[in-house]
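# Commentary on secondary and tertiary structure
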Amino acid sequence: MGNPEILYMVVPCYNEEAVLHETSKQLKEKYESLISRGLISEQSRVVFVNDGSKDKTWDIIQELHKADPQFFSGINLAHNAGHQNAVLAGLMTVKDICDMAITMDADLQDDINTIDAMVEKYYEGNQVVYGVRSARKTDTFFKKFTAESFYKFMKVMGADVVYNHADFRLMSRRVLQELANFKEVNLFLRGMVPLIGFQSCSVYYERHERFAGESKYPLKKMMAFAINGITSFSTKPLKLITSLGFIMSVLSVIAFIWAFIAKFAGFAELGWSSTICSIWLIGGLQLFCLGIIGEYVGKIYAEVKQRPRFIIADFINELGVEFINDGGDKKENA
Ligand code: UDP
Ligand code: MG
């Protein structure tokens, strides 16, 4: 292994005054141990992102920095932008000054001891290391059930996410720079990172109980998050409309046949056949047309995101082109 590389932790904090002292204490111990073992550089830092907290979170972050400027730093967002945006704000701030960054919640639910394994996997050549929950012993049945259904439902709906992985992950500087090219506003990081590609792996950990304070993700917010995840990742719901329309149109043929049989066998009331046939046919056609419009809406949705069309991992520099990081485009050498 060469020189130890620089690790930045990005920790989003929203009203976390109850946990920050303990979190910073544990992170500092972890950093000291990693530095003394030569795993990370002394220039490594912990960056707390204050996501518009209403309590003393930002004061505590400032105090932490004053006491330990070599370990702790902070970013103060102007308003509560939400967990995903806070994480991205932190990552985009550190993307040019670190070699690798780990995102972790402030509440110590993610096991700090997993950081060692993540860093080791990084040195083995992984650009992304996902922290995956191996068990949910400490979650209530309700939280476990809703969370696991969330991952399954996401998959069925076409948004491919790493099962039981939230936002505890390591990313290399290279991946962060590619992430910067994803300009979308509706963030769903755990769906975006796998899209970037590169060599990746998972490390497993047991999720703890929140150290103190309460969850900022009640069921209502979790549902909104799931819906956001699906609608910002997948056009499958739109495609379902087309299929439904098609099925109804086919069923309308059956309805036609049945209506004719009923009419000629003489057990249909006057007007019943034509009514029933039109309901099925028009219903099917309407859904089918909506589905066609949906296909176009889906295309517009993909276009407006302006995601990179490809990401180049390496190329042999005999091509006389200079590699620049702007969504895979290459620039001719002047
Ligand atoms: N968080 C944030 N902004 C928000 C809500 C949450 O930065 O608007 C942070 C929060 O401080 C914590 C992390 O996101 O560090 C995860 O939130 P929480 O632990 O409440 O969610 P849960 O683990 O219950 O799903
Ligand atoms: Mg939590």
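Quick summary incoming for the structure in this document. (Residues numbered from 1 in each chain as written. Chains lettered and ligands numbered in written order. Predicted model: local features only at pLDDT ≥ 70, side-chain atom pairs only at ≥ 80, totals over all residues. Heavy atoms only, no water.)

## Some words on the overall build of the chain
Helix and strand counts for the chain stand at ten helices and nine strands. Rg of the C-alpha trace for the chain: 26 Å, well past the compact-globule value of 20 Å for 334 residues, more than 25% over. Taking all 334 residues of the chain together, the buried fraction comes to 44%. Taken as two groups, the 36 positive and 39 negative side-chain charges of the chain have centres that lie 6 Å from each other. (Helix = DSSP H or I, 4+ residues; strand = E, 2+ residues; numbered from the N terminus. Rg over C-alpha atoms; globule rule 2.2 N^0.38 Å. Buried < 20%, exposed > 50% of the residue type's maximum accessible area, 1.4 Å probe, protein only. Lys, Arg positive; Asp, Glu negative; His and termini not counted. Charge placed at Lys NZ, Arg CZ, Asp CG, Glu CD.)

## Digging into unusual backbone geometry
Here the phi dihedral of Phe198 falls at roughly 70 degrees; this positive angle occurs in a residue that is not glycine. Here Phe198 lies in the loop between α7 (189-196) and β7 (200-206). Unlike most non-glycine residues, Gln306 shows phi in positive territory, near 50 degrees. Position of Gln306 relative to the elements: it lies in the loop between α10 (272-305) and β8 (321-323). The exposed category is assigned to Gln306, whose relative accessible area is 59%.

## Quick notes on the site of ligand 1
Close to ligand 1 lie 19 residues; Glu16, Asp51, Asp107, Ser215 and Lys216 are nearest. A distance of 2.5 Å is found between an oxygen atom of ligand 1 and a side-chain nitrogen or oxygen belonging to Glu16. His83 is positioned with one of its backbone polar atoms (N or O) 3.4 Å from a nitrogen atom of ligand 1. Its free accessible area being 530 Å², ligand 1 has 95% of it covered by the protein chains. The residue inventory of the shell around ligand 1, partitioned by class, reads five nonpolar, five polar and nine charged. (Near = heavy atom within 4 Å. Polar contact = N/O pair within 3.5 Å; in protein donor to acceptor, adjacent residues only side chain to side chain. Areas by Shrake-Rupley, 256 points an atom, 1.4 Å probe, with all protein chains shown as cover. Nonpolar A, V, L, I, M, F, W, Y, C, P; charged D, E, K, R; others polar.)

## Thoughts on the coordination of the magnesium ion (ligand 2)
All of the protein donors around the magnesium ion (ligand 2) are Asp107 (OD) and Gln109 (OE1); their distances to the metal are 1.9 to 2.0 Å. Just as Asp107 is buried, Gln109 falls in that class too. (Donors = N, O, S within 2.8 Å, 3.2 Å for Na, K, Ca; no water.)

## Notes on the sheet that holds strand β5 (residues 128-135)
One open sheet holds the seven strands; their spatial order is β3-β2-β1-β4-β6-β5-β7, and the pairing between them is mixed. Two strands lie at the open edges of the sheet, namely β3 (72-76) and β7, each paired on one side alone. Neighbour to neighbour, the strand axes of the sheet diverge by 25 degrees on average, direction disregarded. Bridge count between strand β2 (residues 45-50) and β3: five bridges; the pairing is parallel. What sits directly across from Phe48, in β3, is Gly74. Taken strand by strand, helix α3 (residues 83-94) contacts β1 (7-13), β2, β3, β4 (100-103) and β6 (165-172), and its axis lies near 155 degrees from that of β1. (Pairing = 2+ DSSP bridges. Axes fitted to C-alpha atoms, helices over the stretch in contact; angles between N-to-C directions. Contact = heavy atoms within 4.5 Å.)

## Digging into the environment of Glu206
Topologically, Glu206 is positioned in strand β7. Sequence separation between Glu206 and Val250 is 44 residues, and the spatial gap between their C-alpha atoms is 50 Å.

## Some words on the packing of helix α5 (residues 141-156) against helix α8 (residues 219-231)
The N-to-C vectors of α5 and α8 enclose an angle of 10 degrees; their axes lie 10 Å apart at closest approach. One finds that α5 runs roughly parallel with respect to α8. Contacts from Phe142, Lys143, Thr146, Ala147, Phe150, Phe153 and Met154 in α5 reach Leu219, Met222, Phe225, Ala226, Gly229 and Ile230 in α8. Counted by class, the contact of α5 with α8 contains ten nonpolar, two polar and one charged residues. (Parallel < 35°, antiparallel > 145°, perpendicular 65-115°, else oblique.)

## Notes on the side chain of Thr242
Topologically, Thr242 is positioned in helix α9 (residues 236-265). Residue Thr242 is classed as buried on the basis of its relative accessible area, which comes to 17%. When near neighbours in sequence (up to four residues on either side) are disregarded, Thr242 contacts Phe288, Gly291 and Glu295.

## Let's talk about the packing of aromatic side chains
To describe a pair of aromatic rings, one takes the distance between the centres and the angle between the planes. Within this structure, the stated rule accounts for ten aromatic pairs. Relative to Tyr163, the ring of Tyr151 lies with its centre 5.7 Å away and its plane at 70 degrees, an arrangement referred to as edge-to-face. Taken together, the residues span a long stretch of sequence, with Tyr151 in helix α5 and Tyr163 in the loop between α5 and β6 at a distance of twelve residues. Considering the side-chain rings of Phe168 and Tyr205, the 5.2 Å spacing of their centres and the 90 degrees angle between planes classify their relative orientation as edge-to-face. With Phe168 in strand β6 and Tyr205 in strand β7, this pair connects stretches of sequence that are 37 residues apart. Comparing Phe168 with Tyr205, the two get one shared label, buried. Clustering of aromatic rings is evident, with ring pairs tying together Tyr31, Phe48, Phe71 and Phe72. Here the basic side chain of Lys305 rests over the ring of Tyr301, its NZ or CZ set 4.7 Å away from the ring centre. (Phe/Tyr/Trp six-rings, centres within 6.5 Å; stacked < 30°, edge-to-face > 60°. Lys NZ or Arg CZ within 6 Å of the ring centre and 35° of its normal.)

## Thoughts on the pattern of salt bridges
Within the structure shown, the criterion is met by 15 salt bridges. Here Arg210 ties to Glu16 by a salt bridge, and the two come within 3.0 Å at their closest N and O atoms. Residue Arg210 is located in the loop between β7 and α8, and its partner Glu16 is located in the loop between β1 and α1 (20-36); the two are separated by 194 residues in the primary sequence. Judged on exposure class, the residue Arg210 and its partner Glu16 are both buried. Residue Asp110 pairs with Arg207 through a salt bridge whose shortest N-O separation is 2.9 Å. (Salt bridge = Lys/Arg side-chain N within 4 Å of Asp/Glu carboxyl O.)

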